[in-house]
Amino acid sequence: RSEFARSMRGISKSAGGWAMIGFLFGGLELAIEKRRAKHDIWNGTVTGFVVGATQARSGGPVVAAGAGGAFAAFSALMFWVMPH
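Residues numbered from 1 in each chain as written. Predicted model: local features only at pLDDT ≥ 70, side-chain atom pairs only at ≥ 80, totals over all residues. Heavy atoms only, no water.

Visitor: A description of the pattern of salt bridges should follow, citing residues and the corresponding values.
Guide: Proximity of charged atoms lets side chains of opposite charge pair with each other. The tally for this structure, following the rule as stated, stands at 2 salt bridges. The salt bridge partner of Arg6 is Glu3, with a shortest N-O separation of 2.4 Å. Here the residue Arg6 and the residue Glu3 both occupy positions in helix 1 (residues 2-36), the gap between them amounting to 3 residues, near one helical turn. Its salt-bridge partner being Arg36, residue Asp40 comes within 2.8 Å of it at the nearest N-O pair. (Salt bridge = Lys/Arg side-chain N within 4 Å of Asp/Glu carboxyl O. Helix = DSSP H or I, 4+ residues; strand = E, 2+ residues; numbered from the N terminus.)

Printed below as a string of structure tokens:
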């Protein structure tokens, strides 16, 4: 039973982290798109950088910049690959 409880705590923590990323990304992208009045690749790319850097801020500026770059690249790739 303790293994199950430990697994559920881990799943719950992971789900909460992904939910935070999703809400942060969605809200920020919407705000940027509304402010710029454009629907282009830059909205998601900038949002990805901010979200990635925010999630990795405890690792220091170098780690935050790397995570921001990775999120930005992934966001740009998804914008390019997915139909809109």
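Visitor: So what's going on with the environment of Gly17? Residues and values would help.
Guide: Structurally, the position occupied by Gly17 is in helix 1. Given a relative accessible area of 28%, Gly17 falls into the partly exposed group. Counting along the chain gives 38 residues from Gly17 to Gln55, while the straight-line C-alpha distance between them is 9.1 Å. (Buried < 20%, exposed > 50% of the residue type's maximum accessible area, 1.4 Å probe, protein only.)

Visitor: Describe the side chain of Thr47, with residues and values.
Guide: Here Thr47 is to be found in helix 2 (residues 41-55). Relative accessible area serves as the criterion here: at 0%, Thr47 is assigned to the buried category. Ignoring any residue separated from it by four or fewer positions in sequence, one finds Thr47 in contact with Phe25, Leu28, Glu29 and Ile32. (Contact = heavy atoms within 4.5 Å.)

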